[in-house]
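Structural features, examined
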Amino acid sequence: MSLVRLLLVCSLLALAGCASAGGAHWVELAGTRYQVEVAQDDASRARGLMFRDHLEAGHGMLFIHDRQEPQAYWMKNTRIALDILYFDNARRLVSQQRDVPPCSAGDACPPYPSFKPARYVLELNAGQAAKLKLEDGVELTFGPGIVSGD
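Computed from a predicted structure; not experimentally measured.

Digging into the overall build of the protein
Looking only at helices and strands, the protein features 3 helices and 9 strands. When the helices and strands of the protein are listed from N to C terminus, the series reads α-β-β-α-β-β-β-β-β-β-α-β. Counting all 150 residues of the protein, 39% fall into the buried class. In the protein, once contacts between residues fewer than 6 apart in sequence are set aside, the share between residues at least 24 apart is 72%. For the protein, the exposed area adds up to about 8400 Å²; of that, 56% sits on carbon and sulfur atoms.

Remarks on the sheet that holds strand β9 (residues 140-142)
The 7 strands are arranged β6-β5-β8-β3-β2-β1-β9 in an open sheet whose pairing can be described as mixed. In this open sheet, the two strands that pair with only one neighbour each are β6 (93-100) and β9. Direction aside, neighbouring strands of the sheet carry axes that sit 30° apart on average. Strand direction decides the pairing type here: strand β1 (residues 25-29) and β9, joined by 3 bridges, are antiparallel.

Focus: the layout of surface pockets
Estimated volume of the largest pocket: approximately 210 Å³. Forming the walls of the largest pocket are 17 residues, and the residues nearest its centre are Arg45, Ala46, Phe63, Tyr73 and Trp74. Going through the elements one at a time, α2 (42-47), β3 (59-69) and β4 (72-74) are the ones with two or more residues in the lining of the largest pocket. For the lining of the largest pocket, the class distribution of residues is 9 nonpolar, 4 polar and 4 charged.

Digging into the pattern of salt bridges
Within the structure shown, the criterion is met by 7 salt bridges. In this structure, Glu69 engages Arg67 in a salt bridge whose closest nitrogen and oxygen atoms are separated by 3.5 Å. You can call Arg67 exposed: its relative accessible area is 51%.

As for the packing of aromatic side chains
Per the counting criterion, the structure on display carries 3 aromatic pairs. A centroid spacing of 6.0 Å and a plane angle of 80° characterise the contact between Tyr73 and Tyr86, whose relative ring orientation is edge-to-face. Remark: Tyr86 occurs in strand β5 (residues 82-87) and Tyr73 occurs in strand β4; sequence separation between them is 13 residues. Tyr73 gets classed as buried once you look at its relative accessible area, which sits at 9%. Through pairs of rings, three or more aromatic residues link up here, namely Phe63, Tyr73 and Tyr86. The ring of Trp26 has Arg33 lying over it, and the distance from NZ or CZ to the ring centre is 3.4 Å. When the ring centre of Tyr120 is taken as origin, the NZ or CZ atom of Arg91, which lies over that ring, is 5.9 Å away.

Topic: the pairing of β1
Among the 5 residues that make up β1, 4 are buried, leaving the element largely enclosed by the rest of the structure. Relative to strand β2 (residues 32-39), β1 runs antiparallel, the two being bridged by 5 bridges. Paired with Val27 across the strands is Tyr34, a residue of β2. Where β1 hands over to β2, the hairpin turn is made up of 2 residues, of which Ala30 adopts a positive phi near 50°.

Conventions and cut-offs
- Residues numbered from 1 in each chain as written.
- Predicted model: local features only at pLDDT ≥ 70, side-chain atom pairs only at ≥ 80, totals over all residues.
- Heavy atoms only, no water.
- Helix = DSSP H or I, 4+ residues; strand = E, 2+ residues; numbered from the N terminus.
- Buried < 20%, exposed > 50% of the residue type's maximum accessible area, 1.4 Å probe, protein only.
- Contact = heavy atoms within 4.5 Å.
- Areas by Shrake-Rupley, 256 points an atom, 1.4 Å probe, with all protein chains shown as cover.
- Pairing = 2+ DSSP bridges.
- Axes fitted to C-alpha atoms, helices over the stretch in contact; angles between N-to-C directions.
- 1 Å grid on protein atoms, 1.4 Å probe; cavity = no way out; pocket = protein on both sides within 12 Å on 5 of 7 lines; lining within 4 Å.
- Points joined across faces, edges and corners; volume = space filled by probe spheres on them.
- Nonpolar A, V, L, I, M, F, W, Y, C, P; charged D, E, K, R; others polar.
- Salt bridge = Lys/Arg side-chain N within 4 Å of Asp/Glu carboxyl O.
- Phe/Tyr/Trp six-rings, centres within 6.5 Å; stacked < 30°, edge-to-face > 60°.
- Lys NZ or Arg CZ within 6 Å of the ring centre and 35° of its normal.

So, in structure tokens, the structure goes:
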């Protein structure tokens, strides 16, 4: 009987670990918390928010790059308008691209550059930057479980 209990406890712990690794991540920006999906490898960064018809309010995607350098994002196969926010190593906002429209032109979609070196990129529904009255220099806070690679 104790072996059954041990297996049950181990199973529950494993499930809890899977649930926490699965996407219960958040960031906080200008006093507002957003649930985020984290794109930390080449494949997830390349796919981003492509082919989605909706991004739930209060949600976004956090892209973590290996190093701080000029970034440029595009909206290839992206169906929702976004704010693209660029942050440096210190997680300070260094550049903003607001109300970026969807693009269905494939490789002809224009790039939206950071203008300054950035390491982290946060994509939110269009209009969030204006709603928060974001100014360059504001800090992005990571919730527990987001590995920044520092």
